[in-house]
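The primary structure of each chain is shown beneath.
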Amino acid sequence: MLQDTLAALRKQAPLIHCITNYVTANDCANLLLACGASPVMADDPAEAAEIAAQSQGLLLNLGTLNQCTIPAMLAAGRQANALGLPVVLDPVGAGASRLRSETAAMLLSELRFAAIRGNSSEIKALATGSSATRGVDAALSDQAPEDALGFAQEASRRWGAVVALTGPIDIVAHGTQACLIQNGHPMMGRVTGTGCQLSALTAAFLAANPGAPLEAVSAAVCAMGLCGEIAHRRLGRLEGNIAYRGRIIDALYRLTPERLAAGAKARFLPPQST
Amino acid sequence: MLQDTLAALRKQAPLIHCITNYVTANDCANLLLACGASPVMADDPAEAAEIAAQSQGLLLNLGTLNQCTIPAMLAAGRQANALGLPVVLDPVGAGASRLRSETAAMLLSELRFAAIRGNSSEIKALATGSSATRGVDAALSDQAPEDALGFAQEASRRWGAVVALTGPIDIVAHGTQACLIQNGHPMMGRVTGTGCQLSALTAAFLAANPGAPLEAVSAAVCAMGLCGEIAHRRLGRLEGNIAYRGRIIDALYRLTPERLAAGAKARFLPPQST
Amino acid sequence: MLQDTLAALRKQAPLIHCITNYVTANDCANLLLACGASPVMADDPAEAAEIAAQSQGLLLNLGTLNQCTIPAMLAAGRQANALGLPVVLDPVGAGASRLRSETAAMLLSELRFAAIRGNSSEIKALATGSSATRGVDAALSDQAPEDALGFAQEASRRWGAVVALTGPIDIVAHGTQACLIQNGHPMMGRVTGTGCQLSALTAAFLAANPGAPLEAVSAAVCAMGLCGEIAHRRLGRLEGNIAYRGRIIDALYRLTPERLAAGAKARFLPPQST
């Protein structure tokens, strides 16, 4: 199942419109090329809708949001919604400032998202308005896994979107369904933008697998984590986070559907009554 | 001949002012340092002309153009024109939005370019206003090479600029003259920004070789493609597009004039009557 | 002493708010993660003060300053000053345009900096208003070391900040005290952003060592230069500036306090009467 989603992505080569932060834009672009998709970055409000209309998926990442890119996100998102294209939200640093919290709330109110990908503090900030974010590379783990699962499913139902809550155990929730994923390596937290990259990858998987959103997002999470594992095994003892960053994306470039299926540590849970 | 242009570039170490997209700005800066030039990135309208005046060449790249950087491009371009510095246009994504098409048309109308570097869909969009761009990493190859040559030469005469139309076979046209280049490797399309990097390299070669624009642009195209070939031969079987990206720029860092002359697959055509 | 500052940095893992240029933002973020700190990049005026308030240090880098980020720098700097957080200024390209010179002067007038890090042409431009900058990767060496030392100490006293004047010999001055550092490798000038990275590292060292500013800044300068030396020894003969860039940051990732102490070529001078 997971391997089919990667095969579809490689075959369809979707064009993903990214309105994303300048810190990790290059990594996201190369990651999209590594997985078989193509990137287009365009964030001026005057062209955002037009670019979205030529794409097969849209990523909105709040990393370095500003007064110019926020209206571009809205315009691109509305166009993508009108055309039925999947839109992914990465609420980087949500809760860390009023601008981020209000922008995230505005986007959630105005747009339909296919998926929302963040760490637990970011997703919580979206859901509750509380502020507990520590930078953009940090993760909170202040609740038991079963509580996090219920929280993610509730958020998914509320927003009508797949919610990917990433942490030591990744939770992908879609309504009453969910998948728990244990791929990944702690050193990924020492590379800037692995979360941004996963969100871009999520948009690519969704664009190529419109009928299977839970599987598509789960496959993206598994693939990113598995590449983090593969890359870590290849890391020399003198190498650090820059070598690791490159090896993760290179592993994705070489990842086959079969390898993904064999390496994925995903457990799909039976649907739960609410 | 080609080797002389690289020797001149290494000797003169021109400072290249880049108004370029944030996705590949770091790659362009390191590529300029690799070839022997120096980069300066500055895109606020309030300083663009001043920075241009201290440079030996100017690159205008439309990749992530916005309402702030467009007037900066115009101001820098006018200053560079007034001082006789070479200006290179990379019309990234031209045809993909009205903003890009109109900005490109405005710049072509207001400025004199030494060279324009794009894929065939971008150059066609500039010439005809038609829209056939698919993202920024795609290339159209919908015409026979001889037609593309005639098209590039016509565009060159119209704009008074060297036109570098890159694709499976690269065409560098200057009025009635032209050069066909077959360096490169298809995997370069899986690295974001190799086109942007080539445009930056073009500006550097032009700045160091003011009297030989066709040779300078051809040398840049050959050098970039040759480095793509060298880098691909060095690529390990587990490596992907990130390793490849680095090896391309590293190959340029180590490229000697002799190696360029030996590896260039360039054919200068006899001047054609129009 | 120097090793203690790195041990403190690794232990405290400060969050560093960076308002910096888009060219090297990714490198700065990964460098901060490599040294044990965490980055947060946020440059909209509407959130700059809030983000600064959640950080332990602030970096203001003028590399690609614009009309939006200048007020963000001021707002973040005032908040950091109010909270007693260390603020580092990297006056990239100061002297190269009126916008840069005036912005630097405004920031020096409105804010208290813990440290100012630049090459001699940039620091001179700040101190005298003269313009002698050639791009952002160039360095001027038009004065004898003893003159440069006196100049740096005078600038330090004038601004009430540690001044790190980097060049063939790096000078770190704090009032009547100073440290001369001879780590580094000339090839670092062929990698874009090594100066930006050093400024980010300086902010991290200062944030973790509030009571020892001269030692903290000196340790940052030694660490960056030492990593440049280590990385150069590991460079293969076919590798260029991209491989070198990665190896520098990777060396920092692996740098131990003991290794720093053993490799630092720092000479602390006895305090001088003024």
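For the structure itself, consult the block above.
All of the points below concern the structure found in this document. Because the structure is predicted, anything quoted here is derived from the model rather than measured. (Residues numbered from 1 in each chain as written. Chains lettered and ligands numbered in written order. Predicted model: local features only at pLDDT ≥ 70, side-chain atom pairs only at ≥ 80, totals over all residues. Heavy atoms only, no water.)

1. Remarks on the relation of the copies chain A and chain B
The relation between the two chain copies is a rotation about an axis coupled with a shift along that axis. Convention followed: Least-squares superposition aligns the copies on the C-alpha atoms of those residues with pLDDT at or above 70 in both. What makes two residues a contact is simply this: any of their non-hydrogen atoms within 4.5 Å.
Note on the copies: chain A fits chain B at an RMSD of 0.0 Å, the axial shift is 0.0 Å, and the rotation between them is 120°. Put plainly, the chains are arranged around a three-fold axis. If distances are taken from each C-alpha of chain A to the rotation axis, the shortest is found for Tyr22 of chain A, at 3.5 Å. A share of only 3% of the interface residues of chain A reappears at the interface of chain B, consistent with the copies meeting through non-equivalent patches.

2. Observations concerning the relation of the copies chain A and chain C
The operation relating chain A to chain C is a screw motion whose rotation component is 120°, with 0.0 Å of axial translation and a residual RMSD of 0.0 Å. Mapped onto chain C, only 3% of the interface residues of chain A are again interface residues, and the two copies thus contact each other with different surfaces.

3. A look at the sheet that holds strand E8 (residues 177–181) of chain C
Residue and element names in this part refer to chain C. Using the following cut-off: In this description, strands pair whenever DSSP reports at least two bridges between them. Each helix corresponds to a stretch of at least 4 residues labelled H or I by DSSP, and each strand to a stretch of at least 2 residues labelled E; elements are numbered beginning at the N terminus. Simply put, an axis is a line fit to the C-alpha atoms, just over the touching stretch for a helix, and the angle between two N-to-C directions goes from 0 to 180 degrees.
Strand order in this open sheet of nine strands is E2-E1-E3-E4-E5-E6-E7-E8-E9, and the pairing throughout is mixed. For this open sheet the edge positions go to strand E2 (38–41) and strand E9 (266–269), each flanked by a neighbour on one side alone. Within this sheet the neighbouring strands show an average axis-to-axis angle of 20°, counted without direction. As paired strands, strand E3 (residues 57–61) and strand E4 (residues 87–90) are joined by four bridges and run parallel to one another. Considered in E4, the bridge of Asn61 is made with Asp90.

4. Points about helix H5 (residues 98–110) of chain B
All names here are of chain B. Basically, it comes down to this: For a helix, the expected span equals 1.5 Å multiplied by the number of residues minus one. Note on classification: 1.4 Å probe, protein chains only; a residue is buried when its accessible area is under 20% of the maximum for its type, exposed when over 50%, partly exposed between these limits. The arc in question is the one traced by the directions running from the helix axis out to the C-beta atoms.
Look at H5: 18 Å from first C-alpha to last across 13 residues, which is about the 18 Å you get at 1.5 Å a residue. Along H5, the residues classified as buried are Leu99, Arg100, Thr103, Ala104, Leu107 and Leu108. Mapping the buried residues of H5 onto a view down its axis gives an arc of 155°, with all of them on the same face. Exposed positions of H5 whose direction lies more than 90 degrees from the buried face are Arg98 and Ser109.

5. Brief notes about the environment of Asp170 of chain C
Residues and elements named next belong to chain C. The condition is simple: Distance and chemistry together define a polar contact, namely a pair of N or O atoms within 3.5 Å, with one atom able to donate a hydrogen and the other to accept it when in protein, and with adjacent residues in sequence counting only for side-chain atoms on both sides.
The residue Asp170 is located in strand E7 (residues 170–174) in this model. Once the C-alpha coordinates of Asp170 and Ala82 are considered, the two residues, 88 residues apart in sequence, prove to be 31 Å apart. Here Asp170 is in contact with Leu165, Cys179, Leu180, Ile181, Asn183 and Val221, once residues within four sequence places are set aside. Of note is the side chain of Asp170, whose polar atom sits 2.9 Å from the backbone nitrogen of Gly167.

6. Looking at unusual backbone geometry
Although it is not a glycine, Ala13 of chain A sits at a positive phi angle of roughly 45°. Along the chain, Ala13 of chain A turns up in the loop between helix H1 (2–12) and strand E1 (15–19).

7. Notes on the pairing of strand E4 (residues 87–90) of chain A
Residues and elements named next belong to chain A. Alternating residues of E4 divide into Val87 and Leu89 and Val88 and Asp90, and every residue in both groups is buried. In this sheet, strand E5 (residues 115–119) lies alongside E4 in parallel orientation, the contact comprising two bridges. Looking at the pairing, Leu89 lines up with Ile116 of E5.

8. A look at the interface of chain A and chain B
Just so we agree on the cut-off: Two parts lose some accessible area (1.4 Å probe) when they are put together, and adding that loss for both gives the buried area. Here, a salt bridge means any Lys or Arg side-chain nitrogen found within 4 Å of an Asp or Glu carboxyl oxygen.
Contacts between the two partners involve 31 residues from chain A, matched on the other side by 34 residues from chain B. When the two sides are added together, the surface that chain A and chain B hide from each other amounts to roughly 2600 Å², 48% of it contributed by carbon and sulfur. A per-residue breakdown of the area chain A buries against chain B is headed by Leu33, Asp250 and Tyr253 of chain A, which together make up 20% of the total. On the surface where chain A and chain B come into contact, there are one salt bridge. Between chain A and chain B we count 19 residue pairs in polar contact (both at pLDDT 80 or more) in total. Taken together, the elements giving at least two residues each to the side of chain A that touches chain B come down to helix H2 (25–35), strand E2 (38–41), helix H3 (45–53) and helix H10 (241–254) of chain A. With six residues, the single largest contributor to the side of chain A that touches chain B is H2 of chain A.

9. Remarks on the interface of chain A and chain C
The criterion, for reference: Amino acid classes used here: Ala, Val, Leu, Ile, Met, Phe, Trp, Tyr, Cys and Pro are nonpolar; Asp, Glu, Lys and Arg are charged; the rest, including Gly, are polar.
Listed by partner, the interface residues are 34 residues for chain A and 31 residues for chain C. Across the chain A/chain C interface, buried area totals approximately 2700 Å², and carbon plus sulfur atoms make up 47% of it. If you look at where chain A meets chain C, you find 19 residue pairs in polar contact (both at pLDDT 80 or more). Those elements that place two or more of their residues in the side of chain A that touches chain C are helix H5 (98–110) and H10 of chain A. The dominant element in the side of chain A that touches chain C, judged by the number of residues it contributes, is H10 of chain A, at four residues. For the side of chain A that touches chain C, a count of residues per class yields twelve nonpolar, 13 polar and nine charged.

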